Each structure stands twice: as C-alpha cells, then as structure tokens.
Amino acid sequence: MDKKRIGQIKEQFDLVIHSDETANIEFWFARELMPLLGYERWENFDKAIARAIESCETSGIEVSDHFREVTKMIETGKGAHRPVRDYMMTRYACFLVAQNGDPKKEEIAFAQSYFAVQTRKQELIEERIALIERTEARGRLRESEKRLSQNIYERGVDDAGFGRIRSKGDQALFGGRTTQEMKSHLGVKDNRPLADFLPTLTIAAKNLATEITNYNVEEKDLQGEQAITGEHVQNNLSVREMLGQRGIKPEELPPSEDIKKLERRVKSQEKKLAAHAGRLPELKDVRNNDDK
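Residues numbered from 1 in each chain as written. Predicted model: local features only at pLDDT ≥ 70, side-chain atom pairs only at ≥ 80, totals over all residues. Heavy atoms only, no water.

*Asks:* Explain the overall build of the protein chain to me, please; I cannot follow it from the model alone.
*Replies:* What the protein chain contains, in helices and strands, is twelve helices and four strands. Relative to a compact globule of 292 residues, whose C-alpha radius of gyration would be 19 Å, the protein chain shows 24 Å and is clearly more extended. Expressed as lengths along the three principal axes of its C-alpha atoms, the size of the protein chain is roughly 70 × 40 × 40 Å. A burial count over the protein chain gives 44% of its 292 residues as buried. Counted over contacts in the protein chain with a minimum sequence separation of 6, partners at least 24 positions apart contribute 67%. (Helix = DSSP H or I, 4+ residues; strand = E, 2+ residues; numbered from the N terminus. Rg over C-alpha atoms; globule rule 2.2 N^0.38 Å. Buried < 20%, exposed > 50% of the residue type's maximum accessible area, 1.4 Å probe, protein only. Contact = heavy atoms within 4.5 Å.)

Now the structure itself:
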C-alpha cells in the first residue's frame, strides 16, 4: 500500500473518531466504521464484531470496557425513523474487529495498523503496515515451501534433496550466489533461515518462483530431483530476469531486520493495546459529550 493511499484512507478514519474529554478516551461507532472497513451489509459486519467480542472474552479482558451495545435511530424515508443496534468501541475493540475481519479487504489491512498504533501519525502507521506486509509475505513463503516439500516427497525426493533444490533456486535468483554465500553476505547466522532477513520484495520473489514450481510440478507431474531442480532453477531465473528489467538485483538489496524480532514487537504492541485504549465512559456521558 503506497503512502498516498494510506493518507487517503487515514483521513476517512480520522473523520469518524469520537472523544470524551471527561473519560479522556477516543471511541468509534460500529455503523460509522462499517463502510470504511469495506462492508456493505450490517449482518456481515456484525459477525466480525461477534468474533471480536469472543476474542476479547478469551483474552480475559472485560468486554464492557471496550464494547457497548447502543441503540440509534435512523431515517427510513418520508421522515420516518426506526431504532437499530450499534456499538460503541474503544481503539482496542476496533483493532479486534479488524483482526477478525476479511483479510482480503485493503481497508482491513490498513485498520489493523491504524488501531494498533497509539498515535495518529501517518509515518508510524506506514511503518507498521510495511512490517505487517513483510511478515505476511514471509508466511506465504513458508506455506509455498511447505507445499513444495510435500510435492517433491511424493515424487521420490527426500529432505536432503529438497534442501539441494531450494539452494539451487537461491543460486539462480541471487546471480550465482549460494544460500550460504548470501547468509555470509548479509551477516545471517548459519542456524537461521535466509528468508528471515530478506526484504519484502525478495521474499515475494522467492515465493513467486516457488509457487510456479509447485504449479508445474503438479500440472506436469514432474518426477525426481533432477527434473524438479531444473524447473525450480528456471523459475528463479525468470523471476530474476523480471526484476533485472526494473533495475533490481536481489543480491544487492540490503538485509532487513530479523523477522522474528518484528513478530515479537507486533505481539508486544498488541498486548499493551487493551490497557492503553482506556475504558468506555458511561452512556449518559457520551450523549452529553459526544464530539468528533
């Protein structure tokens, strides 16, 4: 997600913030947040809220501090009004809703970082989004490599053979440098996966090549280490060529921070979020002090 798009979405989210000066807390109403999270139907959004409430309960946190059911009157046409269910939600509650929303929605990906960061500064939101994108890319690579391992095992290749195939793929992607040479180049310890220190772009490149290998191994029913190695090498060479056309050499990109440290940082931020989000004020106070 680029900075311009992040800025545009952030402006929309900022517009629906409510605050209570007495309780010194920011909160949101679910029905105002719903379209910003990419939902059109309340029935679908209500399911995400229900999952979020369940997550809150499972964590041992008082639900009423963060979620409060309220009734609102909406206009139905010709001046008529009818009551509808809504929720007041703290920043922590909104974060849980985003966590339990549809991950395919761009707005959900943004919201997970927007509500996790205890500030409205766009640069910090951008930083967390980039962090999440990298961890998600790493997760996709783990899954595609796991699938490749299963595919080649079914076709007569053992674990040692899988290691050789993956290493040959790395050598093709990194312009002749082996996995071990790339580890030395980037200062990665021998007992750590190279991918844990690669930038998002390189992780995505490795994943693309691996996904293509999986597809062709299955579609062509390739058998044996030699055939699968040739396929994987060719796919990595093709991905390298594509990057080269844009002036990018994967082996020359600087290393990124250890992804394990980033994952621990994310978890730490999320654990602190409930305490820092505050508690919802009494409903009567909200009606008197409701302020955007």
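*Asks:* Just to check I follow, could you spell out the sheet that holds strand β3 (residues 67–77) for this structure?
*Replies:* In a beta sheet, neighbouring strands pair by backbone hydrogen bonds and run either parallel or antiparallel. Spatially, four strands are ordered β1-β2-β4-β3 in an open sheet, and the strand pairing comes out antiparallel. One side of each edge strand has no neighbouring strand; the edge strands of this open sheet are β1 (18–20) and β3. Neighbouring strand axes in the sheet, compared pairwise and without regard to direction, differ in orientation by 35 degrees on average. (Pairing = 2+ DSSP bridges. Axes fitted to C-alpha atoms, helices over the stretch in contact; angles between N-to-C directions.)

*Asks:* Sorry, what's going on with the nonpolar core here?
*Replies:* Across soluble globular proteins, nonpolar side chains show a tendency to be buried alongside one another. Membership of the largest hydrophobic core comes to 41 residues, with the highest contact counts inside it found for Phe 13 and Phe 67. With residues near it in sequence (within four places) discarded, Phe 13 still touches Trp 28, Leu 33, Leu 36, Leu 37, Glu 107, Phe 110, Ala 111, Tyr 114 and Phe 115. Among the nonpolar cores identified, the runner-up in size contains 16 residues, and Leu 173, Met 182, Val 188 and Ile 203 belong to it. (Core = buried A, V, L, I, M, F, W, Y, C linked by side-chain atoms within 4.5 Å.)

*Asks:* Can you walk me through the packing of aromatic side chains in this structure?
*Replies:* To describe a pair of aromatic rings, one takes the distance between the centres and the angle between the planes. Tallying each qualifying case throughout the model produces ten aromatic pairs. Where Trp 42 meets Phe 45, the ring centres are 6.2 Å apart and the plane angle is 65 degrees; that geometry is what we call edge-to-face. Of this pair, Trp 42 and Phe 45 both sit in helix α3 (residues 42–58), three residues apart, roughly one helical turn. Cluster of aromatic residues (ring-pair linked, three or more members): Phe 13, Trp 28, Phe 110, Tyr 114 and Phe 115. The ring of Phe 29 carries Lys 72 above its face, with NZ or CZ at 3.8 Å from the centroid. The cationic tip of Arg 91 hangs over the ring face of Tyr 114; the distance from NZ or CZ to the ring centre is 6.0 Å. (Phe/Tyr/Trp six-rings, centres within 6.5 Å; stacked < 30°, edge-to-face > 60°. Lys NZ or Arg CZ within 6 Å of the ring centre and 35° of its normal.)

*Asks:* Sorry if this is basic, but what is going on with the pairing of strand β2 (residues 25–29) here?
*Replies:* The side chains of a regular strand alternate, first on one face of the sheet and then on the other. Extensive coverage of β2 is indicated by the burial of four of its five residues. Of the strand pairs in this sheet, β1 and β2 are connected by three bridges, and their pairing is antiparallel. Each bridged residue has a counterpart across the sheet, and for Ser 19 the counterpart in β2 is Glu 26. When β2 meets strand β4 (residues 80–90), the two strands line up antiparallel, connected through three bridges. In the strand pairing of β4, Phe 27 is matched with Thr 90.

*Asks:* Explain the packing of helix α4 (residues 91–99) against helix α11 (residues 259–276) to me, please; I cannot follow it from the model alone.
*Replies:* Packed helix pairs are characterised by how far apart their axes lie and by the angle those axes make with each other. Relative orientation of the contacting elements α4 and α11 amounts to 140 degrees, with a least axis distance of 8 Å. Comparing their axes, α11 and α4 come out oblique. For the pair formed by α4 and α11, the contact residues are Arg 91, Tyr 92, Phe 95 and Gln 99 on the first element and Glu 270, Leu 273 and Ala 274 on the second. Residue classes in the contact of α4 with α11 are distributed as four nonpolar, one polar and two charged. (Parallel < 35°, antiparallel > 145°, perpendicular 65-115°, else oblique. Nonpolar A, V, L, I, M, F, W, Y, C, P; charged D, E, K, R; others polar.)

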